[in-house]
Amino acid sequence: NNGKYLATFGTGVQDRGQMHYRAGLNMIPLIEWYRRHPEEGAFLLEVAMGAMAGQLVNIDPATGATSMMYHASPHMRAFDPHSGDYGLGFFGNALEAGAYYVVDAALGPLCFLCVATPQEGGGGGGGGVAMQEG
C-alpha cells in the first residue's frame, strides 16, 4: 500500500510513501476474507501478510520511532518525520497478527511470518513441519 503524500509539494517532484499507515487497516478485511475462504488461494494471504509486515517496516531501527510511511523515492529514501496515524495501522497489525503455513496447490508449501523446518517422519514414513514464528 503506498499512499500519496506530497513531501515535495511545490518542487515539481512527486513522492510516494511506502507502507502508509493505512496498509495495516486495509489488510484487516483481506486476512479475514482469507480465513473464511482459504480455498480461494494464497493471493489474499500474500497481500495481507505484505501489508502486515510492511507496517512494522515503518519503525525506524535506529531510534525506535514510528513513522506514518517510508519515502522510497530515490530523492528521499527516509522515514517520514511525522508519526501521523501510525497507531491506527499498528492496531490492524496487532488485531490480526499471526503466522501462516499453507500448502498452495500451485505454489507448494508457503510460510508467512514464520520459519518452517521439515521434520523426519515417524513410523508411518511421512514427514511433518516444525513451525516457529519468524
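Scope of this entry: the structure provided in the associated data block. (Residues numbered from 1 in each chain as written. Predicted model: local features only at pLDDT ≥ 70, side-chain atom pairs only at ≥ 80, totals over all residues. Heavy atoms only, no water.)

Overview of the nonpolar core
Residues Met27, Ile31, Leu45, Met49, Tyr100, Val102 and Phe112 are the most contacted members of the largest nonpolar core, which totals 15 residues. Elements that contribute at least two residues to this core include exactly helix H1 (23–36), helix H2 (43–57), strand E5 (100–104) and strand E6 (108–112). Element by element, the count of residues in this core is highest for H2, at six residues. Those residues in contact with isoleucine 31 that lie beyond four places of it in its chain are Leu45, Ala48, Met49, Glu96 and Tyr100. (Core = buried A, V, L, I, M, F, W, Y, C linked by side-chain atoms within 4.5 Å. Buried < 20%, exposed > 50% of the residue type's maximum accessible area, 1.4 Å probe, protein only. Helix = DSSP H or I, 4+ residues; strand = E, 2+ residues; numbered from the N terminus. Contact = heavy atoms within 4.5 Å.)

So, helix H3 (residues 86–96)
Among the residues of H3, those classed as buried are Tyr86, Gly89, Gly92, Asn93 and Glu96. What you see down the axis of H3 is that its buried residues fit within an arc of 125°, all on one side. Check the buried side of H3 and you find it contacts H1 and H2. (Arc of directions from axis to C-beta.)

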